[in-house]
Amino acid sequence: MTLIYYFSHHTANACLFPVCALHHVAVTTVEGIGNTKSRLHPAQERIAKSHGSQCGFCTPGIVMSMYTLLRNKPEPKMEDIEDAFQGNLCRCTGYRPILEGYRTFAKAMMSSSLFNSSEFQPLDPTQEPIFPPELMTQSNKQQKQLCFRGERVMWIQPTTLKELVALKSQYPNAKLVVGNTEVGIEMRLKNMLYPVIIAPAWISEMNAVQHTETGITFGAACTLSSVEEVLRKVVAELPPYKAEVFQAVLEQLRWFAGPQIRNVAALGGNIMTASPISDLNPVLMASGIIHLPLISPCSTEGKRTITMDEKFFTGYRKTIVKPEEILLSVEIPYSKKGEYFSAFKQASRREDDIAIVTCGMRVLFQDGTNRVEEIKLSYGGMAPTTVLALKTCKELTGRDWNEKLLQDACRLLAGEMDLSPSAPGGMVDFRRTLTLSFFFKFYLTVLQKLSKNHNGTVSAAREDELSSLEDGEWRISWSCVLLQEVPRGQAVEDMVGRPLMHVSAAKQACGEAVYCDDIPHYENELYLTLVTSTKAHAKILSVDASEAQSVPGFVCFVSAKDVPGSNITGIANDETVFAEDVVTCVGHIIGAVLADTQEHSRRAAKVVKIKYEELKPIVTIQVRWLRSASASIKRINKGDVKKGFEESDHILEGEMYLGGQEHFYLETHCTLAVPKGEDGEMELFVSTQNLMKTQVLRVLLCRNCIVHFGLCLINVSFNRTGRPVRCMLDRDEDMLISGGRHPFLGRYKVGFMKNGKVKSLEVSYYGNGGNSVDLSYGVMDRALLHLDNSYNIPNVSSVGIVCKTNLPSNTAFRGFGGPQGMMIAECWMSDLARKCGLPPEEVRKLNLYHEGDLTHFNQKLEGFTLRRCWDECLSSSSYHARKKLIEEFNKQNRWKKRGMCIIPTKFGISFTVPFLNQAGALVHVYTDGSVLLTHGGTEMGQGLHTKMIQVASRSLGIPTSNIYISETSTNTVPNTSPTAASVSADINGMAIHNACQTILKRLEPIKQSNPKGSWEDWIKAAYENCVSLSATGIPDLGYDFEKNEGKPFCYFSYGVACSEVEIDCLTGDHKNIRTDIVMDVGTSLNPAIDIGQIEGAFVQGLGLFTMEELRYSPEGNLYTRGPGMYKIPAFGDIPTEFYVSLLRDCPNSKAVYSSKAVGEPPLFLSASVFYAIKDAIYSARKDSGLTEPFRLDSPATPERIRNACVDIFTKMCPSAEPGTFKPWSVRV
Ligand SMILES: Cc1cc2nc3c(=O)[nH]c(=O)nc-3n(C[C@H](O)[C@H](O)[C@H](O)COP(=O)(O)OP(=O)(O)OC[C@H]3O[C@@H](n4cnc5c(N)ncnc54)[C@H](O)[C@@H]3O)c2cc1C
Ligand code: FES
């Protein structure tokens, strides 16, 4: 018997790891490894200096993943680094700079021009903190049982099996907890309460690993990481035939959660959770002989052993194991000669995601033959439990492994692995098809092995089918950025145009950056929790908070009647602070509970009872509902559309739907209100992009991101209690109540010539606005203003309609309707190219604007650099050569296809509401020459403060080290426009520049009288002069929709991206092989920040167009309320080759120091990935004889990709007739 002790380093999720389980464990946090005052740890220094942090909220977690890896492996390989980040997410950076900075630890080749790796401190493992000796000594001593008692829960940690059994006898219903990765979720998110918890993690028998004659027995508390470690070693030593099951377990563990979960989650926990989408249960079940020894304090014999067979799971999350029984261990068997095993999993995202369908498949052949002696096919995700395809397996037993068996197996599985069209989880056709696709993969795998083992007497699989078995290399192989260089002769101290590090990066990497909820608690502070509607549309009959009053620490419940003044709010006065009579979406705020702690206020909020009378909700964009819905209509028309159609050679009509997007900022909304003592004065700390709203107390609550969260609630609460009040939303609350990007439906009719030249376009855009107007009209305006993307369309008729629905109000999101408008343009553009039978890149280029052209909104294009970007991107991506290779690849592979697409973007820069294009700045110069700078923009990671320091530095002609920035606040710069529309660097930069010019003008006489003096001399001399230090700037803009005249935009930002992908036609998976971007950012103020924005926006767009899917019930209830179900791109999703370059020599006369806006414009470039996927699907469909344009909605999820690759397997799983069933989820 081998006992595994863990003195190594492991990452863990702080939110799931119970504090009680930390006894005898040394915890290292980001603050403990380095700091800005003494020394940064190399893991902190490198992420900061390689520009790997923006908002910095994810940075400590990423630093600690790297730190842990370095502690265990000081010289890691690049693969180790990528694997270490499987459980980390970042919403800002696009991951490339993080990987590039950390690549230096792997000593991989470097090419970055954005940082100088020779400046990095070397990693010296001898300098790391040691494991505390007292803990080391204690671990050798006899452990004592531990017991912690909380207000409602008791945690007991026994040290021996005997103690455990005794405790189970005393508390038969006590919950066993090992990793807490399941129970923690149940208690935090599912409102479950387990009054007694027993933690068996210290019990040696439950952590033991025993090698037996038949396999390896793991104690049920062995963590998944330890199982992985043991199996990896064993597999390397065993003959391959013996390790088939182990290999399959390893394959499942490779994509099982992230290391933070695998490091703590137990094998027994996975089995006993009995989740229908468990990754290990299908493998264990298919292996056929898994024995599970159980111990029970209640039965007379004490122990029994059961087998994981078809009777093991008795229902959803239920097994035949009795509540009082304890699973002791699990034996994973060796495989035999003639036995083959595979496991497959398909999820929405490769890394750290639960399965949509998962399976374990085993076949044993009669000795020396290809005749099936025994076969087990076990699936997860196809029923409320893991299931065995018993009927299919029975029919296949005794059959030869050949084409006929494959066909029969698929037919049988299609019948047996059936799902109701209303099945929970949805994706019914996809899940059914996956069961066949997986079997096909298994069939081919076995065929290959049989053919090899039987010296060719069994015929091998077809060459063109074999690539379907290759998992492919998912590693990030290369990335590169090409910058503009600063002009020769630019002074060294002039930092404009240089990659200055984000001013907060070091603090973020050390965990020193203070976020809203990091502000220390005030004495007497209260915590606020929202009470929200569970119905999408209903009358409120009663609200009863009486039970909440009995929760300890309860202070009060506030609702509409507590609002001083008007309860009506919102941009169009169509929102309420608190719902009064009617609720209009799930998540509509009805009231809030205030209590002494977060825990108490949450508990109290959960027991507030609301009675409703339900009304019919409308949640989807359905054109037939529009008349009854309150809709606003906008139009842009140009030329003569009818004539344009008459002159066209072809006319194409179609429709495309684009799903919405959740912001998923890592720091959720937070507000803290603190009384200042006199005259009701209050200080507010708000996570907002729109500080001005904090000035307006009447506008109490706006449920959108760019404004501010909960200010009104806090005010109401504050009025009622006079105490400091804090509220930070949990992820699920934030996702539920805040709006996101508008889902869009686009209908188009496009007329074009045989050569692909577009003549005429008629489009209708429908946006799902949700339950209030908020910014929906502005979003629709921008969608219409971008319906051309970058193409010259002589005749346009367009209409945009915002639909009012019973969903939380949708709002501003990076791109503000632009991406939706352009995406639909690219849809008809790609379809018309197919219709003409011409290469899409030729048709796109033919239609691109030229310098001086008028857009459909009659704005002249000046400084039109897009054609340069296009040519550079075509050339740098070696487009034409690679296209040939792709064609060749596609000919040789039936089930893997590649696609490529090059896409342009033209993004208008300005708020389309002209007066918002103003800003303010306040510049103080102190007598020592130092400068304190404040401006009206919010720094949310995008590097605005850093750029503003660079602008001030050049304007004043002093080093950046003399300039300090003060946090944005309404008491220094009032009436700020929202930090939005990509213009913040432009308008605040100009305001700062103007303020600096004012100061310089006033210093001029002093400088003239002392031309050789230093900055400090002049400031000293000016001390006795009064210097006024603020300025604003307003560009000249304005556009009239009715007349289609004026100038909605100050200028345009341009870019082009070329992306290549590979799809797995059988599973719908896709891999981003390579992306090349050429972007015009004018003369970059800071290339590191601009490239960070380009990559970050691109990856966020990648999420929008390929991954992120909001799922709602037909009743308007959001299912996707957290990272478990809503997937944003992870490290492994970025292109394996990622090249970004900034267009050179393209100064922009319209913005500060010839720069250009960059926050939003690059997002749309990720559409190149979507259309590359569509290109690959075309190739797959061609093999099935389908060549006509087809519809692909966004995002291109595995489900959509697989369903679009029509083939024999999809045909065996036909869709149910719409209207004959109630779907689990609806497209909103
Ligand atoms: C972010 C995240 C990602 C995840 N990804 C995946 C994934 O990719 N694939 C997947 O399959 N799962 C996944 N899970 C689910 C979960 O991690 C696993 O099921 C895990 O193995 C549970 O182990 P645990 O030790 O944490 O269980 P715990 O939460 O400690 O316990 C789970 C259940 O098992 C019972 N139990 C535990 N040990 C015993 C025992 N010895 N005898 C009797 N009952 C016992 C407990 O009482 C409890 O009911 C994920 C979870 C999270 C939070
Ligand atoms: S820097 Fe990673 S989430 Fe912002």
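Residues numbered from 1 in each chain as written. Chains lettered and ligands numbered in written order. Predicted model: local features only at pLDDT ≥ 70, side-chain atom pairs only at ≥ 80, totals over all residues. Heavy atoms only, no water.

The name an unreviewed UniProt entry assigns to the protein is Xanthine dehydrogenase/oxidase, from the organism Athene cunicularia. What UniProt states about the protein under its Catalytic activity (unreviewed entry) heading is, verbatim, "xanthine + O2 + H2O = urate + H2O2". In its Subcellular location (unreviewed entry) section, the UniProt entry covering the protein states "Cytoplasm". (UniProt positions renumbered as here; feature names shortened; annotations may be inferred.)

S.K.: Describe in detail the sheet that holds strand E14 (residues 339–347), supporting the description with residues and values.
M.R.: Pairing in this open sheet of 4 strands is antiparallel, and the strands run E14-E15-E16-E17 from one edge to the other. Each end of this open sheet is capped by a strand with a single partner; those strands are E14 and strand E17 (387–388). Of the pairings in the sheet, the one linking strand E15 (residues 355–365) to strand E16 (residues 372–380) comprises 8 bridges and is antiparallel in character. Counted as the bridge partner of arginine 362 is lysine 376 from E16. Running over the sheet, helix H15 (residues 428–453) touches E14, E15 and E16 and is turned about 35° from E15. (Pairing = 2+ DSSP bridges. Helix = DSSP H or I, 4+ residues; strand = E, 2+ residues; numbered from the N terminus. Contact = heavy atoms within 4.5 Å. Axes fitted to C-alpha atoms, helices over the stretch in contact; angles between N-to-C directions.)

S.K.: Any details on the UniProt feature "binding site: substrate" (unreviewed entry) in the protein? Residues and values, ideally.
M.R.: With numbering aligned to this structure, UniProt lists the feature "binding site: substrate" (unreviewed entry) at Arg782, Phe816 and Thr912. These residues run over 131 residues, yet every pair of their C-alpha atoms falls within 10.7 Å of each other. Looking at where arginine 782 falls in the secondary structure, it is placed in helix H22 (residues 776–785). Looking at arginine 782, the relative accessible area reads 2%, which means it is buried. Setting aside residues no more than four positions away along its own chain, arginine 782 makes contact with Gly815, Phe816, Gly817, Gly818, Phe907, Gly908, Ser910, Thr912 and Phe1049. Here threonine 912 lies in the loop between strand E35 (896–909) and strand E36 (921–925). Judged by relative accessible area, threonine 912 falls into the partly exposed class, the value being 27%. In contact with threonine 912, other than residues within four places in its own chain, are Arg782, Leu785, Pro1048 and Phe1049. (Buried < 20%, exposed > 50% of the residue type's maximum accessible area, 1.4 Å probe, protein only.)

S.K.: Go over the UniProt feature "binding site: [2Fe-2S] cluster 2" (unreviewed entry) in the protein with me, naming the residues and quoting the values.
M.R.: Taking the UniProt record as the reference, the feature "binding site: [2Fe-2S] cluster 2" (unreviewed entry) is found at Cys55, Cys58, Cys90 and Cys92. Look at the named residues: they lie 38 residues apart in sequence, but the longest C-alpha span between them is just 9.4 Å, so in the fold they bunch up. Take cysteine 58: it is sitting in the loop between helix H1 (42–49) and helix H2 (59–72). Residue contacts for cysteine 58: discarding those within four places in its chain leaves Leu89, Cys90 and Leu666. Turning to its location among the elements, cysteine 92 is positioned in the loop between helix H3 (78–84) and helix H4 (96–102). For cysteine 92, a relative accessible area of 16% puts it in the buried group. Filtering out sequence-adjacent residues up to four positions away, cysteine 92 remains in contact with Gln54, Cys55, Gly1092 and Gly1096.

S.K.: Break down the site of ligand 1 for me, citing the residues and quoting the values.
M.R.: Taken together, 30 residues surround ligand 1, and among them Leu176, Val178, Thr181, Ala266 and Asp279 come closest. Between ligand 1 and the protein, one listed contact pairs an oxygen atom with a backbone N or O atom of leucine 176 at 2.6 Å. One of the backbone nitrogen or oxygen atoms of valine 183 is found 2.9 Å away from an oxygen atom of ligand 1. Protein chains shield 90% of the accessible area of ligand 1, which is 990 Å² for the free molecule. Every element with two or more residues in the shell around ligand 1 is listed here: strand E4 (175–176), helix H7 (183–189), helix H11 (267–273) and strand E12 (326–327). Take the shell around ligand 1: its biggest share by element is 4 residues, from H11. (Near = heavy atom within 4 Å. Polar contact = N/O pair within 3.5 Å; in protein donor to acceptor, adjacent residues only side chain to side chain. Areas by Shrake-Rupley, 256 points an atom, 1.4 Å probe, with all protein chains shown as cover.)

S.K.: Break down the pattern of salt bridges for me, with residues and values.
M.R.: Applying the stated criterion to the full structure yields 62 salt bridges. Glutamate 525 is paired through a salt bridge with arginine 726; the nearest N and O atoms lie 2.5 Å apart. On the criterion of sequence distance, the pair formed by glutamate 525 in the loop between helix H16 (505–509) and strand E19 (526–532) and arginine 726 in strand E31 (residues 725–728) is long-range, its members being 201 residues apart. For the pair formed by glutamate 525 and arginine 726, the shared burial category is buried. A cluster of three or more residues bridged by salt bridges with shared partners is formed by Glu655, Arg747, Arg1191, Asp1193 and Arg1227. (Salt bridge = Lys/Arg side-chain N within 4 Å of Asp/Glu carboxyl O.)

S.K.: Requested: an account of the sheet that holds strand E21 (residues 554–559), with residues and values cited.
M.R.: What the 6 strands build is an open sheet, ordered E21-E25-E19-E31-E29-E30; its pairing is mixed. Either end of the sheet is taken by a strand with one partner, and the two such strands are E21 and strand E30 (682–686). Each adjacent strand pair in this sheet contributes to an overall mean axis angle of 20°, direction not counted. Inspection of the sheet shows strand E29 (residues 670–675) paired to E31 by 4 bridges, in the antiparallel sense. The partner of leucine 672 across the bridge, within E31, is arginine 726. Each of E19, E21, strand E25 (589–595) and E31 is contacted by helix H17 (residues 598–606), which is oriented at about 25° to E19, the strand it contacts most.

S.K.: Please set out the packing of helix H23 (residues 818–836) against helix H24 (residues 840–847) residue by residue, giving values where relevant.
M.R.: Following both chains from N to C, one finds H23 and H24 inclined at 120°, their axes separated by 9 Å at the closest point. By the angle between their axes, H23 is oblique relative to H24. Where H23 crosses over H24, the handedness of that crossing is right-handed. Contacts between H23 and H24 involve Glu826, Met829, Ser830, Leu832 and Ala833 from the first element and Pro840, Val843, Arg844 and Asn847 from the second. Of the residues that constitute the contact of H23 with H24, the class distribution is 5 nonpolar, 2 polar and 2 charged. (Parallel < 35°, antiparallel > 145°, perpendicular 65-115°, else oblique. Left-handed = near helix turned anticlockwise from the far one by under 90°. Nonpolar A, V, L, I, M, F, W, Y, C, P; charged D, E, K, R; others polar.)

S.K.: Can you lay out the pairing of strand E42 (residues 1051–1064) for me, pointing to particular residues and giving the numbers?
M.R.: Most of E42 is tucked away: 14 of the 14 residues are buried. What you see with E42 is no split at all: Tyr1051, Ser1053, Gly1055, Ala1057, Ser1059, Val1061 and Ile1063 on one side and Phe1052, Tyr1054, Val1056, Cys1058, Glu1060, Glu1062 and Asp1064 on the other are buried throughout. Here E35 pairs with E42 via 14 bridges, running antiparallel. Counted as the bridge partner of lysine 906 is tyrosine 1054 from E42. The turn linking E42 back onto strand E43 (residues 1070–1080) is made up of 5 residues, and glycine 1068 within it adopts a positive phi angle of 85°.

S.K.: Quick rundown of the nonpolar core? Include the residues and the values.
M.R.: Formed by 261 residues in total, the largest nonpolar core has its most connected members in Tyr102, Leu377, Tyr379, Trp401, Phe439, Trp828 and Leu832. If sequence neighbours within four positions are ignored, leucine 377 has contacts with Gly360, Met361, Val387, Leu388, Ala389, Thr392, Cys393, Leu413, Phe439 and Phe442. Membership of the second largest hydrophobic core comes to 62 residues, among which are Val235, Phe256, Ile290 and Phe312. (Core = buried A, V, L, I, M, F, W, Y, C linked by side-chain atoms within 4.5 Å.)

S.K.: Go over the packing of aromatic side chains, please, and point to the residues and values.
M.R.: For any two aromatic rings, the description comes down to two numbers: the centre-to-centre distance and the angle of the planes. Taken as a whole and assessed by the stated rule, the structure comprises 31 aromatic pairs. Summarising the aromatic geometry, the rings of phenylalanine 744 and tyrosine 765 are spaced 6.0 Å apart at their centres and angled 70° between planes, so their arrangement reads as edge-to-face. With a gap of 21 residues between them, phenylalanine 744 in strand E32 (residues 744–752) and tyrosine 765 in strand E33 (residues 758–770) connect regions that are remote in the sequence. Phenylalanine 744 sits in the buried class, given a relative accessible area of 1%. Taking the relative accessible area as the measure of exposure, tyrosine 765 reaches 0% and is therefore buried. Of the aromatic side chains, those joined through ring pairs into one cluster are Tyr340, Phe365, Trp401, Phe439, Phe442 and Tyr443. (Phe/Tyr/Trp six-rings, centres within 6.5 Å; stacked < 30°, edge-to-face > 60°.)

S.K.: How would you explain empty space enclosed by the protein if you had to name every residue and give the values?
M.R.: Tallied over the full model, the rule gives 6 cavities of 30 Å³ or more. Every residue along the wall of the second largest cavity is listed here: His51, Ser53, Gln54, His502, Gly941, Gln942, Ala1088, Ile1089, Gly1092 and Gln1093. Here the residues of the lining of the second largest cavity sort into 2 nonpolar, 8 polar and no charged. (1 Å grid on protein atoms, 1.4 Å probe; cavity = no way out; pocket = protein on both sides within 12 Å on 5 of 7 lines; lining within 4 Å. Points joined across faces, edges and corners; volume = space filled by probe spheres on them.)

S.K.: Explain unusual backbone geometry to me, and be specific about the residues and the numbers.
M.R.: With an omega dihedral of 0°, the bond running from serine 1194 to proline 1195 counts as a cis peptide bond. Following the sequence through the fold, proline 1195 ends up in the loop between helix H31 (1167–1183) and helix H32 (1198–1204). For alanine 274, which is not glycine, the phi dihedral falls at a positive 55°. Along the chain, alanine 274 turns up in the loop between H11 and helix H12 (280–286). Using a relative accessible area of 1% as the deciding quantity, one classes alanine 274 as buried. The phi dihedral of asparagine 975 is positive, around 55°, even though this residue is not glycine. Note on placement: asparagine 975 falls in the loop between strand E38 (963–965) and helix H28 (984–1009).

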